Amino acid sequence: MNYDCLIVDDEKLLCDSTAEYFNLFGIKTATAYSTGECLSFLEHNKTCLLLLDINLGDGSGFALCRKLRETTDIPILFISARSSDDDKIIALNIGGDDYIQKPYSLGVLFAKVKAVLKRYRKTSPSFSDGRLTVDIAKRQLILHGEIKKLKALEFKLLAYLVENRDRVVGKRELFEKVWEDKFTGDGTLNVHIRRIREVIEPDANNPKYIVTVWGEGYRFDGGGK
């Protein structure tokens, strides 16, 4: 079954009341009260957005986010009563899209969720040259007619380059837009670029799709054939 939102929070009363409010106003929402319930839910259902508490009875929301980011790039909004700046930095650095402080206003949270869903569902430009297809809306990478797998963050990076193809995208922009983190280093970016090239390029050592523009950043070209 397809849902708009999944709320993962071991505060059952708050979780249920938030879901009830969202459903009342047209955002199809399900609930899970633990990491185990979340993973079980996602084995059988799909959701466009995750609201994830940091403290869960059977584990950490941080650990769950890291695990989910291995296979999906859906928006993850952390919700927590913890107010430490360190928590906020960790949440964004491991793949969270936002950090929302408890107690929250249902109306304000609803507006934020609605805005995120609107951005997520917006049709994104794709790329295809007969050899390589990057379907951003479906989150699919196809090479010579065969579906290839990238990790969620790798696909997010490739998608951003495709969306901005034929212009140089600076490293700082990639850190902010893909990682949503100004503290990511060049080494991390270089490793991800290398992994993508090993999948999509005819020759990863002589790239034709993702071109390095020394001193500036990277440019996605359509000349990979």
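Procedures and definitions
- Residues numbered from 1 in each chain as written.
- Predicted model: local features only at pLDDT ≥ 70, side-chain atom pairs only at ≥ 80, totals over all residues.
- Heavy atoms only, no water.
- Phe/Tyr/Trp six-rings, centres within 6.5 Å; stacked < 30°, edge-to-face > 60°.
- Lys NZ or Arg CZ within 6 Å of the ring centre and 35° of its normal.
- Axes fitted to C-alpha atoms, helices over the stretch in contact; angles between N-to-C directions.
- Helix = DSSP H or I, 4+ residues; strand = E, 2+ residues; numbered from the N terminus.
- Parallel < 35°, antiparallel > 145°, perpendicular 65-115°, else oblique.
- Left-handed = near helix turned anticlockwise from the far one by under 90°.
- Contact = heavy atoms within 4.5 Å.
- Nonpolar A, V, L, I, M, F, W, Y, C, P; charged D, E, K, R; others polar.
- Buried < 20%, exposed > 50% of the residue type's maximum accessible area, 1.4 Å probe, protein only.
- Arc of directions from axis to C-beta.
- Polar contact = N/O pair within 3.5 Å; in protein donor to acceptor, adjacent residues only side chain to side chain.
- Core = buried A, V, L, I, M, F, W, Y, C linked by side-chain atoms within 4.5 Å.
- Expected span 1.5 Å × (residues − 1).
- Pairing = 2+ DSSP bridges.
- Right-handed = clockwise from strand over helix to strand, strands pointing away.

Draft legend 1. Main features of the packing of aromatic side chains. Inspection of the entire model under this criterion finds 10 aromatic pairs. Taken together, the aromatic side chains of Tyr21, Phe22, Phe25 and Phe110 make up a single cluster linked through ring pairs. For Lys28, the ring lying beneath its charged end belongs to Tyr3, and the centroid distance is 5.0 Å.

Draft legend 2. Fine view of the packing of helix 6 (residues 152–163) against helix 7 (residues 171–179). Packing of helix 6 against helix 7 leaves a shortest axis separation of 10 Å and a crossing angle of 125°. Overall, the two elements helix 6 and helix 7 adopt an arrangement that is oblique. At the point where helix 6 passes helix 7, the crossing takes the right-handed sense. Taking contact as the criterion, the partners of Leu153, Lys156, Leu157, Tyr160 and Leu161 in helix 6 are, on helix 7, Glu173, Leu174, Lys177, Val178 and Trp179. A class-by-class count of the residues in the contact of helix 6 with helix 7 yields seven nonpolar, no polar and three charged.

Draft legend 3. Geometry of the packing of helix 7 against helix 8 (residues 186–200). One way to put it is that helix 7 packs onto helix 8 with a least axis distance of 11 Å and a crossing angle of 75°. Classified by the angle between their axes, helix 7 and helix 8 sit roughly perpendicular to one another. For the pair helix 7 and helix 8, the contacting residues are Lys171, Leu174, Phe175 and Trp179 in the first and Asp186, Thr188, Leu189 and His192 in the second. By residue class, the composition of the contact of helix 7 with helix 8 is four nonpolar, two polar and two charged.

Draft legend 4. Structural context of the environment of Gly26. Here Gly26 shows up in the loop between helix 1 (12–24) and strand 3 (29–32). Distance from Gly26 to Ile193, taken between C-alpha atoms, is 39 Å for residues 167 residues apart in sequence.

Draft legend 5. View of helix 3 (residues 61–68). Considered for burial, the residues of helix 3 that qualify are Gly61, Phe62, Leu64, Cys65 and Leu68. Around the axis of helix 3, the buried residues are gathered within 160° of arc, so they sit on the same side. The opening residue of helix 3 is Ser60, an N-cap whose side-chain oxygen sits 3.0 Å from the backbone nitrogen of Phe62.

Draft legend 6. Inspection of the nonpolar core at higher detail. Judged by nonpolar contacts, the single largest core of 27 residues is most densely connected at Leu158 and Ile210. Of all the secondary-structure elements, those providing two or more residues to this core are strand 11 (132–135), strand 12 (140–143), helix 6, helix 7, helix 8 and strand 16 (217–220). The biggest single contributor to this core is helix 6, with seven residues. Here Ile210 is in contact with Leu158, Leu161, Ile193, Ile196, Arg197, Ile200, Glu201, Tyr218, Arg219 and Phe220, once residues within four sequence places are set aside. Counting residues in each nonpolar core, the second largest holds 21 residues, with Leu6, Cys38, Cys65 and Ile94 among its members.

Draft legend 7. Broad picture of helix 8. Spanning 15 residues, helix 8 covers 21 Å between terminal C-alpha atoms, matching the ideal 21 Å at 1.5 Å per step. Of all the residues in helix 8, the buried ones are Leu189, His192, Ile193, Ile196, Arg197 and Ile200. Looking down the long axis of helix 8, one finds its buried residues gathered within 140° of arc, a one-sided arrangement. Close packing links the buried residues of helix 8 with strand 11, strand 12, helix 6, helix 7, strand 15 (210–213) and strand 16.

Draft legend 8. How the structure looks around the pairing of strand 3. Both strand 2 (residues 5–8) and strand 3 contribute to a ladder of four bridges, which runs parallel. Within the sheet, the bridge partner assigned to Cys5 lies in strand 3 and is Thr29. Each parallel crossover has a hand, and the one from strand 2 via helix 1 to strand 3 is right-handed.

Draft legend 9. Structural context of the sheet that holds strand 3. Spatially, the five strands line up as an open sheet ordered 3-2-5-8-9, and their pairing is parallel. The outermost strands of the open sheet, each flanked by one partner alone, are strand 3 and strand 9 (98–101). If you compare each strand with its neighbour and ignore which way they point, the axes differ by 20° on average. When strand 8 (residues 76–80) meets strand 9, the two strands line up parallel, connected through four bridges. Counterpart to Ser80 in the pairing with strand 9 is Gln101. Packing against the sheet, helix 2 (residues 35–44) makes contact with strand 2, strand 3 and strand 5 (50–53), and its axis sits at approximately 160° to strand 2.

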